[in-house]
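Each chain, letter by letter, is given below.
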Amino acid sequence: MDGSLPSLAGVTCSHLYHAIPMMASGWFWIDPNGGDNADAVSVYCEVQTDNANTLVYALQNLAQDRHTGPSGTDQLSFISSYISGEFEYNISASQLQALQDQSSVGRQSLVFQCKGVLVHSWTSQSNTNDLVENFTFWKSSRGLLWYADGSNATALGSNYSDVQRYPVYYLDDGCKSNNIDIWSNTTVLFASNEPAAVPIVDVALLDAYSIKEEFGIDFGPAVFSTTSFKDLGLSQFKPGRSCLDILGTGNSRGDGVYWIDPLRNGDTVLVRCNMTAGGFTQIPREPTQKVPLSQWVTEGQDAYRWFSGVIARSSCRPSSRTSRTRSYRPRLDICTSSLRRACLHRYSFRIQACVYYEPGASASTHRNVNSRLSVSELSMQICRHLVFQ
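These numbers were taken from a predicted model, which means no experiment stands behind them.

Points about the overall build of the protein
Move 1: Counting its regular elements, the protein contains seven helices and 24 strands.
Move 2: Taken over 389 residues, the protein has a buried fraction of 46%.
Move 3: Counting only contacts in the protein whose residues sit at least 6 apart along the sequence, the fraction spanning at least 24 positions is 65%.
Move 4: Total accessible area on the protein stands at roughly 19,000 Å², and carbon and sulfur atoms take up 48% of it.

The following block contains the structure:
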C-alpha cells in the first residue's frame, strides 16, 4: 500500500504517510471507500511535519462574468440554478463522501472576484464597515451551509431552517468598496473539524445580478487530514474508525482486540481485528441466544428461508421433539449492531443481509434447505461474509 498504483491505493494521504517511510509530497492513488479499487482516485498529497493532507481540486474556476438571474435584478438564489450546475471536483461523489468520513479536519479557501458585488461588508458614505446580512450563503457537497453572523438561513427558504451553520471567515474584503468600475478581490476561508463541510459546491448571492455587476471565483483545493494517529484503537478514549483504519495508520499490534467508533459519536465498541487478513473487523462468535434443535418448519414446501425469520414466527418455542441444543447468533442481531457500521466503514455499501458459514460445511450444504434445520455453532463472522447491495 504505497499509493503508486490503483491496486496499491491507500485510504487517504494521512494513512499513506504512516505507511511510507520518508514520504514526499506528490500525486498518489487513494481509495477511501475501500472494497474494489477500480474506482481509486489520484490526489495530491501535501506532506507536513508529522502528517499528510489530501488535496481535492475543483475541475475549473468560475470565470469573471455577469451572472444574471432570471429577472436581471438582485435576488437571493443559488447560482447553480442558472449557470452550469454545482461546482465539480476531481473525485467521485462516493469517494468524496468516504474521504470526508475518514478525515477529522477539513478546510478550503477561495478568492471571490467582484465588480460592484458585495459578499460580506460594505463601506458606507460614513466610511464605516457595515455588515451585510443575508447576502451570501456557501453550500458544501453534503448540503451544509457557511454564512456570517447576523444572517439567517431561512432567507433561503423554510427547508433550510434546520441546516447547521458553519462560520465563514472573510479576509482582505476588497469587495466592500462596491466599485462598479474596477475588479476587487475578497479571500474567503472555510475551516472546520467537520470535514463534510467542504468542498464548496454552490453559493447563494443577493447583490450580484444587476446591470454591470460581475463576479468570478478562483477555487483553492479542499484539504482533508486525519489527526493524532498514535495509539489509535488501544483504548475506548482513542478508538479507530474500523480495524482497517487502525491497520492503515500503523497502530496494528497484530490480530487481537481493539476499540472502534465507526460513527465517531462516542459509541465505542470492543471488537476483534483480523489484521493478518488485511484489517477486517470480526464479529465475535460468542452465542447471544440458545436455540434448541427442532423441526422449526412444520408446513409448506422446501424453499430458501432465513432461519431468523423462521424462529421469529415461532416465537422461539421448539417442538416436543427437541433432543439437544446448539448455539447460533441471530441474523438481525448482527445486522443491527454497532459492528454493522464498521462493515459499512470498510466497504461503503449498504448491507442487505447477513450470510452464515458453518465450519467445515460446503456451499452445497447451505443450498439444501429442508424442514429440519441442524444448526451448529457458527464460525467467526467477518465483514466480507455479508451480502451487499
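There is more to say after this.
What about the pairing of strand β16 (residues 222-225)?
Move 1: Side chains A222 and F224 of β16 all project onto a buried face; the interleaved residues V223 and S225 project onto the opposite face, where all are buried too.
Move 2: The pairing of strand β6 (residues 105-115) with β16 spans three bridges and is antiparallel. Note on β16: the bridge partner recorded for R107 is V223.

What about the pairing of strand β18 (residues 269-274)?
Move 1: Where strand β17 (residues 256-260) and β18 come together, five bridges link them in antiparallel fashion. Residue pairing across strands places V257 opposite R272, the latter belonging to β18.
Move 2: Both β18 and strand β19 (residues 280-283) contribute to a ladder of three bridges, which runs antiparallel. Looking at the pairing, C273 lines up with T281 of β19.
Move 3: In sequence, β18 turns back onto β19 through a hairpin of five residues, with G278 there showing a positive phi of about 115°.

What about the nonpolar core?
Move 1: Grouped together as the largest cluster of nonpolar side chains are 47 residues, with contacts concentrated most on F112, W138, W146, F190, L205, F215 and I217.
Move 2: For this core, the leading source of residues is strand β14 (residues 200-205), giving four residues.
Move 3: In contact with F190, other than residues within four places in its own chain, are G106, R107, Q108, L110, W138, W146, V168, V198 and I200.

Structural notes on the sheet that holds strand β9 (residues 136-140)
Move 1: Spatial strand order, β5-β14-β9-β10-β11: five strands in an open sheet with mixed pairing. Edge positions in the sheet fall to β5 (77-78) and β11 (165-166), since each of these pairs with one other strand and no more.

Observations regarding the state of the cysteines
Move 1: Summed over all chains, the structure comprises three disulfides.
Move 2: The disulfide partner of C13 is C45, and the S-S distance across this bridge is 1.9 Å. The S-S bond linking C13 to C45 shows a torsion near -75°; that makes this disulfide left-handed. With C13 in helix α1 (residues 13-17) and C45 in strand β2 (residues 41-47), the pair connects residues that are 32 residues apart, well separated along the chain.
Move 3: Judged by relative accessible area, which is 0%, C13 ranks as buried.
Move 4: By relative accessible area, C45 is classed as buried at 0%.
Move 5: Sulfur-sulfur distance for the disulfide between C114 and C175 comes to 1.9 Å. Taking the sign of the torsion about the S-S bond as the criterion, the disulfide between C114 and C175, at about -110°, is left-handed. Of this pair, C114 sits in strand β6 while C175 sits in the loop between β12 (169-171) and β13 (184-192), and the two are 61 residues apart along the sequence.
Move 6: Residue class for C114 comes out buried when judged on its relative accessible area of 2%.

Structural notes on the side chain of S103
Move 1: Along the chain, S103 turns up in the loop between α2 (93-102) and β6.
Move 2: You can call S103 buried: its relative accessible area is 2%.
Move 3: A polar side-chain atom of S103 sits 2.7 Å from the main-chain carbonyl oxygen of L99.

A short note on the packing of aromatic side chains
Move 1: What the rule picks out here adds up to 10 aromatic pairs.
Move 2: Consider the rings of F112 and W138, whose centres lie 6.3 Å apart with planes at 85°: the pair is edge-to-face. With F112 in strand β6 and W138 in strand β9, this pair connects stretches of sequence that are 26 residues apart.
Move 3: Take F112: its relative accessible area is 0%, and that puts it in the buried class.
Move 4: On the basis of relative accessible area, W138 is assigned to the buried category, the value being 0%.

Rules and cut-offs
- Residues numbered from 1 in each chain as written.
- Predicted model: local features only at pLDDT ≥ 70, side-chain atom pairs only at ≥ 80, totals over all residues.
- Heavy atoms only, no water.
- Helix = DSSP H or I, 4+ residues; strand = E, 2+ residues; numbered from the N terminus.
- Buried < 20%, exposed > 50% of the residue type's maximum accessible area, 1.4 Å probe, protein only.
- Contact = heavy atoms within 4.5 Å.
- Areas by Shrake-Rupley, 256 points an atom, 1.4 Å probe, with all protein chains shown as cover.
- Pairing = 2+ DSSP bridges.
- Core = buried A, V, L, I, M, F, W, Y, C linked by side-chain atoms within 4.5 Å.
- Disulfide = S-S within 2.5 Å.
- Polar contact = N/O pair within 3.5 Å; in protein donor to acceptor, adjacent residues only side chain to side chain.
- Phe/Tyr/Trp six-rings, centres within 6.5 Å; stacked < 30°, edge-to-face > 60°.

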